[in-house]
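Chain residues, written in single-letter form:
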Amino acid sequence: MTITDPAHKSMDDIVALCKRRGFVFPASEIYGGLNGFWDYGPLGTALKNNIRDWWWKRTVECPPIGPDGEPVSIVGLDSSIIQNPKTWEASGHVGGFSDPMVDCTESKKRYRADQLHAAAVITSDEYQENHPLQLTMVWFAWLENDEVSRAQAYRKAEKFVKKNGGKFDPSQHASFMFLAGADPQEDVSIEDRAMLLGRIVGPDTDKPGTLTPPRDFNLMFETYVGAIRDEDAKAYLRPETAQGIFLNYLNVLNTMRVKMPFGIAQIGKSFRNEVTPRNFIFRSREFEQMEMEWFCAPEDSPKWYQFWKEERMNWWESLGISPENLRFRDHDEDELAHYSKMCVDVEYQYPFTAPGFGELEGVAHRGCFDLTQHQTHSKTKMEYFDQERQLRAKEAGKSKEEIDAVSKYIPNVIEPASGLTRAVLVLLCEAYTPDDSRPSKVFMKFKPRFAPIKAGVFPLVAKDGMPEAAQKLYLDLRERFAVQMDVKQNIGRRYARMDEAGTPFCVTIDGETLSDQTVTVRDRDSQGQQRINISQVETFLSEQIEQ
Ligand code: ATP
């Protein structure tokens, strides 16, 4: 039986396969690793490149046709990771790019306050009498609202009840932000805040009162440019690729034949000193993003927001992700940044969030915030003069003021921002298919276009001219596809290895090949085999991969 439900896939098993087969390794593993950093192995690199190339193809080289039936225009960019630090003052990252963070004075662990949740234990009279703080309620906290961490916290709470009496009441739920009085929605006095904080048992301790109140923690990595390490030399590793696009908006406008509306796209590394890197490569400190800034006239922006929202979902489905594992989550008004008019997340049902969902991409209507900020801070004019609008307004007989109002503007921006490394995680989770009936017990069901290896080429045995015939086929095929030749071990083991690598096809040269020029092609998913002529293998593969 094969398992496809994300709730029944084990993250530990997926991580183990990634290590075993060379998808993802912990970074600097021989030195004990570094929390929040990962290296992509040979198969992981190929998978990541395949996703990256598909995004580039569908965003820059062959973007979707626009809502009015005309092709849209998007150009590519590759900006520096380190920019003038004023960039991050203008963008708001220096002042505001922070997460409220909580320290545990006992375990020395650090958590993101907005990810902590807690459930209550109503303590027994005896406990209250014996306890100096007279606690009527103790709250047991856990990190992130997923099944595993919640279950761990519940076990701890139940143990506490067994030892001290009282009643565990998981229906009494609260976020740490509320318990600590840090939730902006809640008006909690300093005394109440101290009392509530004193009642929380942190995720990695057994006694209450070891968590500090939330403090803001800037997520940007700092570095120094040049030989002197003083404040003037301080710079930052970019926390997002988007700002590099805004910085080059005028350069692109002045050098390319683009006119409104148009987009600039970029793929590259971003760095965030995340307080709690977690869930494998889901939240890491170094990761890759794929971002596109779509510049348009302010009054056209709602139309483009809707368009990109739908197109981005279409793109995720084109990766072979099943639609029931994807969904939109529109941000509530109180979640929106002050400049943002609309924002929606594309979410995926990860094994560690199932049956819930987690973020994969954000599509935001950013208004004219970014360009206006850079205009103010750099004193460089970002206004766009829209000749077509001017002409239309003139033809419509508008007044000079009206013509100026519609033809000169700072463009609005619609931003689809996604994580490339998070997309790798999604495809790894989606493809991971336990199957007891096959020797490998699991196979990676990648859509052929994204599979790191498209075909394995095997001589059935290492004699009778089969290795030579296999080598010739391998050398021909590798001109066009990522293929791998494997001569070692029995054929069943070789299939099993390819199943774990997610290779959709295995081509075997056997005794018959030498006499009639046919080979067997084994299909990864059905495990069925067909015989085709060796000369047809290339066409067969290209048809399957292009699908
Ligand atoms: P979160 O709220 O989870 O911290 P975010 O909303 O701040 O994320 P954005 O700034 O919108 O994320 O970044 C766009 C995309 O970049 C995210 O949807 C995600 O795919 C990816 N991303 C952001 N932070 C990380 C990270 N630490 N590790 C991996 N991918 C990330």
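Residues numbered from 1 in each chain as written. Predicted model: local features only at pLDDT ≥ 70, side-chain atom pairs only at ≥ 80, totals over all residues. Heavy atoms only, no water.

## A look at the packing of aromatic side chains
One pass over the full model with this rule turns up 25 aromatic pairs. Ring geometry for Phe246 against Phe295: centres 6.2 Å apart, planes inclined by 85°, an arrangement best described as edge-to-face. Note that Phe246 is positioned in helix α9 (residues 242-247) and Phe295 in strand β14 (residues 286-296), a separation of 49 residues in sequence. Neither residue differs from the other here; Phe246 and Phe295 are each classed as buried. (Phe/Tyr/Trp six-rings, centres within 6.5 Å; stacked < 30°, edge-to-face > 60°. Helix = DSSP H or I, 4+ residues; strand = E, 2+ residues; numbered from the N terminus. Buried < 20%, exposed > 50% of the residue type's maximum accessible area, 1.4 Å probe, protein only.)

## A short note on the site of the ligand
If you check the shell around the ligand, you find 15 residues, and the closest are Arg272, Glu274, Ser284, Glu359 and Leu360. Separating an oxygen atom of the ligand from a side-chain N or O atom of Arg283 is a distance of 2.9 Å. In the environment of the ligand, an oxygen atom lies 2.6 Å from a nitrogen or oxygen atom belonging to the side chain of Glu359. Protein chains shield 81% of the accessible area of the ligand, which is 600 Å² for the free molecule. Put simply, the parts of the chain that give the shell around the ligand at least two residues each are β14, β17 (358-367) and β20 (412-419). (Near = heavy atom within 4 Å. Polar contact = N/O pair within 3.5 Å; in protein donor to acceptor, adjacent residues only side chain to side chain. Areas by Shrake-Rupley, 256 points an atom, 1.4 Å probe, with all protein chains shown as cover.)

## Brief notes about the layout of surface pockets
Roughly 840 Å³ of volume is contained in the second largest pocket. For the second largest pocket, the lining is made up of 29 residues, of which Leu143, Ser149, Gln152, Arg278 and Asn279 are closest to its centre. Among the secondary structure elements, those contributing two or more residues to the lining of the second largest pocket are α1 (11-21), β5 (110-112), β7 (137-143) and α6 (147-164). If one sorts the elements of the lining of the second largest pocket by residue count, α6 sits on top with five residues. Broken down by class, the residue content of the lining of the second largest pocket amounts to 15 nonpolar, six polar and eight charged. Both domain 1 (6-81 + 238-368 + 415-430) and domain 2 (98-217) contribute no fewer than three residues apiece to the lining of the second largest pocket. (1 Å grid on protein atoms, 1.4 Å probe; cavity = no way out; pocket = protein on both sides within 12 Å on 5 of 7 lines; lining within 4 Å. Points joined across faces, edges and corners; volume = space filled by probe spheres on them. Nonpolar A, V, L, I, M, F, W, Y, C, P; charged D, E, K, R; others polar. Domains from an automatic or database assignment.)

## Notes on unusual backbone geometry
Geometrically, the link from Met260 to Pro261 is a cis peptide bond, its omega value of -10° lying close to zero. Looking at where Pro261 falls in the secondary structure, it is placed in the loop between α10 (249-255) and β13 (262-271). With an omega dihedral of 5°, the bond running from Ala354 to Pro355 counts as a cis peptide bond. Tracing the backbone through its elements, the reader meets Pro355 in the loop between β16 (342-348) and β17. With a phi angle near 65°, Lys108 is a residue other than glycine that sits in the positive phi range. As for its position among the elements, Lys108 is in the loop between β4 (98-103) and β5. Residue classification places Lys108 among the exposed positions, given a relative accessible area of 66%. One non-glycine residue, Lys379, lies in positive phi territory at about 60°. Tracing the backbone shows Lys379 in the loop between α12 (369-378) and β18 (384-385). Residue classification places Lys379 among the exposed residues on the basis of a relative accessible area of 73%.

## Re the sheet that holds strand β8 (residues 167-175)
Taken in spatial order, the four strands make up an open sheet running β8-β6-β7-β9, and their pairing is mixed. The sheet is open, and its two borders are formed by β8 and β9 (200-201), each paired with just one other strand. With six bridges joining them, strand β6 (residues 116-122) and β8 adopt antiparallel strand pairing. Within the sheet, the bridge partner assigned to Val121 lies in β8 and is Phe168. The sheet contacts of α6 involve β6, β7, β8 and β9, and relative to β7 the element is tilted by about 155°. (Pairing = 2+ DSSP bridges. Contact = heavy atoms within 4.5 Å. Axes fitted to C-alpha atoms, helices over the stretch in contact; angles between N-to-C directions.)

## Observations concerning the domain arrangement of the chain
Size of an interface: often given as the accessible area lost when the parts come together. Assigned domains within the chain: domain 1 (6-81 + 238-368 + 415-430), domain 2 (98-217) and domain 3 (435-545). For domain 1 and domain 2, the distance between their C-alpha centres works out to 34 Å. The partner domain 2 presents 13 residues to the eleven residues of domain 1 that form the contact. Summing both sides of the interface, domain 1 and domain 2 together bury roughly 920 Å²; the carbon and sulfur share of this comes to 46%. Of all residues in domain 1, the largest losses of buried area upon contact with domain 2 belong to Val275, Thr276 and Arg278, amounting jointly to 56% of the total for that side. (Buried area = accessible area lost by both parts, 1.4 Å probe.)

## Re the sheet that holds strand β3 (residues 74-77)
Across the sheet, which stays open at both edges, the seven strands sit in the order β3-β13-β14-β20-β17-β16-β15 with mixed pairing between neighbours. The outermost strands of the open sheet, each flanked by one partner alone, are β3 and β15 (326-330). Between one strand axis and the next, the sheet turns through 20° on average, direction left out of account. Note: β13 against β14, ten bridges, orientation antiparallel. Its bridge partner lying in β14, Ala265 is registered against Met292. Across the face of the sheet, helix α15 (residues 420-431) comes into contact with β13, β14, β16, β17 and β20 while running at roughly 115° to β14.

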